[in-house]
Amino acid sequence: MKDLFKGSLTIPNLISVIRIALIPLFAYLFYNDEKIMAVVVLAISGITDTVDGKIARKFNQISALGKVLDPVADKLTQITIAVMLFIDFKTASNPIINALGWVFLVFLIKEAVMIVGGLIMLLLNIRPGAAEFWGKAATVVFYVGMVIIIAIGPEVGALNDILGFQLPNVITGIIVVLCAVMTIAAFASYMPETFRQFKEYFDNKKAAKNSK
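Description of the structure in this document. Here the structure is a predicted model, which is why all the values come from computation and not from measurement. (Residues numbered from 1 in each chain as written. Predicted model: local features only at pLDDT ≥ 70, side-chain atom pairs only at ≥ 80, totals over all residues. Heavy atoms only, no water.)

### Remarks on a nonpolar patch on the surface
Inference 1: Taken together, the side chains of I36, M37, V40, I44, I162, L163 and F165 define a hydrophobic patch exposed on the protein surface, amounting to about 650 Å² of accessible area.
Inference 2: Among the elements that line the nonpolar patch, the one with the most residues is helix α2 (residues 35-58), at 4 residues.
Inference 3: Relative to the assigned elements, I36 resides in helix α2. (Patch = residues over 30% accessible without salt bridge, like charges linked within 9 Å, V, L, I, M, F, W, Y side chains within 5 Å. Areas by Shrake-Rupley, 256 points an atom, 1.4 Å probe, with all protein chains shown as cover. Salt bridge = Lys/Arg side-chain N within 4 Å of Asp/Glu carboxyl O. Helix = DSSP H or I, 4+ residues; strand = E, 2+ residues; numbered from the N terminus.)

If you want it as structure tokens, here you go:
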């Protein structure tokens, strides 16, 4: 724990804390049908997610705590969005949108598995690996796709009445399914390194036991 907080007072970590604080605000605005403001909050969260990583690398402010805070902020944000849109889609009168609601369970299951797996790794003193290309790409696609849907998606869009326009069902379906496919690809990309770390852990335990 001491090593975790070493050099933790950085701008990227502050941004990650702000992103976590924005989650209940987004949920409150979305739940109370203030979806325009919810879109603004989500867009700010997505932009700052990109900015904090660039600041950390450019100014050498990468820290152990940052490697935990950033994915935690991502996961909590994505879980909240998935829950909110699952509820909205499942209560929609449009049967196609209603059916697409089930796709959001993919995000929830993936995040639940990764959270449980991450906790097990931390309990075994195994540090989960940082997000690689597919993880980062899936996060960007998810943010962009969900902002579009919350802004102009069929029935659920915050700007539909103002613009007099909403996304066609087909485009909405493509966005939701694409986000789900990217999420599955990101999950799969973590598996080889995760299995390698678990194998190394148990091999070391076995070697220590045999040496006694």
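Once the structure has been displayed, the description carries forward.
### Thoughts on helix α6 (residues 133-152)
Inference 1: The end-to-end C-alpha distance of α6, which contains 20 residues, comes to 28 Å, matching closely the 28 Å that a straight helix rising 1.5 Å per residue would cover.
Inference 2: Considered for burial, the residues of α6 that qualify are G135, A137, A138, T139, F142, Y143, G145, M146, I149, I150, A151 and I152. (Expected span 1.5 Å × (residues − 1). Buried < 20%, exposed > 50% of the residue type's maximum accessible area, 1.4 Å probe, protein only.)

### Brief notes about the pattern of salt bridges
Inference 1: Under the criterion given, the structure shown has 8 salt bridges.
Inference 2: Where E111 meets K75, a salt bridge forms, and the shortest distance between an N and an O atom there is 3.3 Å. With a gap of 36 residues between them, E111 in helix α5 (residues 104-123) and K75 in helix α3 (residues 64-90) connect regions that are remote in the sequence. Grouping residues by exposure puts E111 and K75 together as buried.
Inference 3: A salt bridge links E111 to K110, with the nearest nitrogen and oxygen atoms 3.0 Å apart.
Inference 4: Using a relative accessible area of 2% as the deciding quantity, one classes E111 as buried.
Inference 5: Residue K110 is classed as buried on the basis of its relative accessible area of 12%.
Inference 6: Put simply, R19, D70 and D74 are held in one network by salt bridges that share partners.

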